[in-house]
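# Observations on the three-dimensional arrangement
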Amino acid sequence: MQIEEMFAQVPWGLIWPILLIELILKIVAFVDLSKRRATNGPVILWVFIILLINTIGPILYFTVGRRNE
Amino acid sequence: MRQFWIFARKEWKEQLRGFKIIWVPLVFIFFGALEPLTYHFMPQILDSVGNLPEGAEFQLPDMTGTDVIMSLTGQYQMIGTLVLVLAFMATMSGERKSGTGTLLYVRPISYASYFSSKWFTAAILGIVSVWLGYGMSMTYIVQLYDVYPGAGELIKFLLSYGVWVLFVITLAVAASAVLPTGGAAGAALGVLFIGQIVDGMIGEYWTWTPWRLPEYSLLYLNAGPESGEFWGALAVTVLLIVLLAVIGTAMAGRNSSRAKV
């Protein structure tokens, strides 16, 4: 199947909110990461986790990645 | 009472700065949107990723909106509980560890308003997040499914399920008053998930527990639960919430000496 055909078949009207939420979670996680001085584990690790693991990545960062000190 | 609102405003600001107020609702809304979509597009999803042998055919059940809400509740029972406990596990233990605690504990504060303000803001955030998740799910269900529960039934369900969410949050906040962060998360999740397993095994004989409450709430979407059992479970849950709040308040005061300077 051609790429354009596949794209046309995707029901964008229905799934755009999910993509938007995904994007917001990633952006917020990165904003927080850029402000924070201490994380549990190396920062670069969290960059990849947030970027590559969908949904669960940012949640992991928010719950166990941050350190308040 | 004045102290309560001052603390509540401080909590609110903290949730805002930690982005908790953004990510907790978004997680619930995300799963709320995903669930109806997954079931609606199940045939296409199986087609594209299924790796099915040629000629395999499935008879997929006809899902109604009520079925989707039930399945979403199952998701929230697992992922939602996890997210809520992880989000609120450091409510009090975090302050003891980070040093914010020492700034508070040297002042003549009432631990009742200290605990209740934290509990109140956590409960509002958690319950509203769950409700928003169901709201998102309903907007999809109304568009994609023919049969769906009416507004009155849904509101009854949301209210009674909210009590369960309140129980989860109270447990997490109280645990963080008693134990350090990691222990609090472990204890709260342990109690909640072991309770669910025990409920799955002997729940038939043991009808008045908080763990039955989600199930009874879901019955509101169909015929309505047996009222005696529902109100019994609700009463026990409320009683446990009050008990946990009292324990949490007492332990918040006692543990204040453990705050790191």
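Residues numbered from 1 in each chain as written. Chains lettered and ligands numbered in written order. Predicted model: local features only at pLDDT ≥ 70, side-chain atom pairs only at ≥ 80, totals over all residues. Heavy atoms only, no water.

## Some thoughts on the overall build of chain A
The line we're drawing: For helices the rule is a DSSP run of H or I covering at least 4 residues; for strands it is a run of E covering at least 2, with both sets numbered from the N terminus onward. Our radius of gyration looks at C-alpha atoms and nothing else; its globule reference is 2.2 Å times the residue count to the power 0.38. In this scheme, a residue with accessible area under 20% of its type's maximum is buried, one over 50% is exposed, and one in between is partly exposed, where area comes from a 1.4 Å probe on protein chains only. When checking whether two residues touch, look at their non-hydrogen atoms; a contact exists if any pair is within 4.5 Å. Note that accessible areas follow from Shrake-Rupley with a 1.4 Å probe, and for residues the cover is restricted to the protein chains shown. Under the convention used here, Asp and Glu are negative, Lys and Arg are positive, and both His and the chain ends fall outside the count. By convention, the charge on Lys lies at NZ, on Arg at CZ, on Asp at CG and on Glu at CD.
For chain A, the helix and strand inventory stands at four helices and zero strands. Each helix and strand of chain A, ordered N terminal to C terminal, gives the series α-α-α-α. Its C-alpha atoms give chain A a radius of gyration of 16 Å, clearly above 11 Å, the size a compact globule of 69 residues would have. With the principal axes as the frame, chain A shows a C-alpha extent of 50 × 20 × 15 Å. In chain A, which comprises 69 residues, the proportion classed as buried is 35%. For chain A, the proportion of contacts with a sequence separation of at least 24, taken over those separated by at least 6, is 56%. Of the accessible surface of chain A, which amounts to about 4500 Å², a share of 69% is contributed by carbon and sulfur atoms. Charge centroids of chain A, computed over 6 positive and 5 negative side chains, lie 19 Å from each other.

## Description of the environment of Pro-17 of chain A
By the secondary structure assignment, Pro-17 of chain A is in helix α2 (residues 12–35). Taking C-alpha positions, Pro-17 of chain A is 17 Å from Phe-7 of chain A, a pair spaced ten residues apart along the chain. If we skip the residues at most four places from it in the chain, Pro-17 of chain A touches Met-136 and Tyr-140 of chain B.

## Re the UniProt feature "transmembrane region" (unreviewed entry) in chain B
In plain terms, the rule: UniProt positions are given in the numbering used here, feature names are shortened, and annotations may be inferred rather than shown by experiment.
UniProt's entry tags residues 21–42, 68–90, 111–134, 154–179, 186–208 and 228–252 of chain B with the feature "transmembrane region" (unreviewed entry), counted in the numbering of this structure. Annotated as 96% helix and 0% strand, the span residues 154–179 of chain B places its first and last C-alpha atoms 37 Å apart.

## Here we look at the nonpolar core
To keep things clear, this is the line we draw: Remark: nonpolar core denotes a set of buried residues (Ala, Val, Leu, Ile, Met, Phe, Trp, Tyr, Cys) joined through side-chain atoms within 4.5 Å.
Membership of the largest hydrophobic core comes to 90 residues, with the highest contact counts inside it found for Trp-23, Ile-69, Phe-88, Tyr-134, Phe-157 and Trp-164 of chain B. Each residue touching Tyr-134 of chain B, except ones within four places of it in the same chain, is listed here: Ile-69, Leu-72, Thr-73, Tyr-76, Phe-157, Leu-158 and Tyr-161 of chain B.

## Regarding empty space enclosed by the protein
Residues and elements named next belong to chain B. Test applied: Cavity and pocket criteria rest on a 1 Å grid covering protein atoms alone: a 1.4 Å probe that fits but cannot get out defines a cavity, protein on both sides within 12 Å along at least 5 of 7 lines defines an open pocket, and an atom within 4 Å of a point defines a lining residue. Grid points are joined across faces, edges and corners, and a volume is the space filled by probe spheres set on the points. Polarity classes work like this: nonpolar for Ala, Val, Leu, Ile, Met, Phe, Trp, Tyr, Cys and Pro, charged for Asp, Glu, Lys and Arg, and polar for all others, with Gly in that last group.
For the structure on display, the rule yields one cavity of 30 Å³ or more. Taken as a whole, the largest cavity spans an internal volume of roughly 50 Å³. Around the largest cavity sit Phe-28, Tyr-76, Gly-80, Thr-81, Leu-84, Val-130, Tyr-161, Trp-164, Val-165 and Val-168, which together line it. Where the lining of the largest cavity is concerned, the elements lending two or more residues are α4 (65–88) and α8 (151–178). Residues that form the lining of the largest cavity fall into these classes: eight nonpolar, two polar and no charged.

## Concerning the interface of chain A and chain B
The criterion, for reference: The term buried area denotes the loss of accessible surface (1.4 Å probe radius) that occurs when two parts are joined, taken as the sum for both partners. Only one rule defines a salt bridge in this text: a Lys or Arg side-chain nitrogen within 4 Å of an Asp or Glu carboxyl oxygen.
Counting from both sides, the interface comprises 20 residues of chain A and, opposite them, 22 residues of chain B. For the pair chain A and chain B, the summed buried area comes to about 1800 Å², and 83% of that belongs to carbon and sulfur atoms. Its largest share of buried area at the contact with chain B, chain A owes to Leu-14, Ile-18 and Ile-21 of chain A, together 31% of the area lost on that side. Inspection of the chain A/chain B interface yields zero salt bridges. Secondary-structure elements contributing two or more residues to the side of chain A that touches chain B are α2 and α4 (56–65) of chain A.

## Considering the layout of surface pockets
Looking at the second largest pocket, its volume works out to about 650 Å³. Lining the second largest pocket are 18 residues, with Val-10 and Pro-11 of chain A together with Gln-44, Ile-45 and Ser-48 of chain B sitting closest to its centre. When contributions to the lining of the second largest pocket are tallied by element, the ones reaching two or more residues are α1 (3–9) and α2 of chain A together with α2 (20–40) and α3 (42–49) of chain B. Here the residues of the lining of the second largest pocket are counted per class, giving 13 nonpolar, four polar and one charged.

## What about the UniProt feature "domain: Cardiolipin synthase N-terminal" (unreviewed entry) in chain A?
In this numbering, the UniProt entry assigns the feature "domain: Cardiolipin synthase N-terminal" (unreviewed entry) to residues 24–66 of chain A. Taken end to end, residues 24–66 of chain A has its terminal C-alpha atoms 18 Å apart, with 74% of it in helix and 0% in strand.

## Section: the confidence of the model for chain A
To keep things clear, this is the line we draw: Note on scores: pLDDT gives the predictor's confidence for each residue, bounded by 0 and 100.
Averaged over every residue, the pLDDT of chain A is 87; residues scoring 70 or more account for 96%. Ranking the elements of chain A by mean pLDDT puts α1 of chain A last, at 78, and helix α3 (residues 43–52) of chain A first, at 92.

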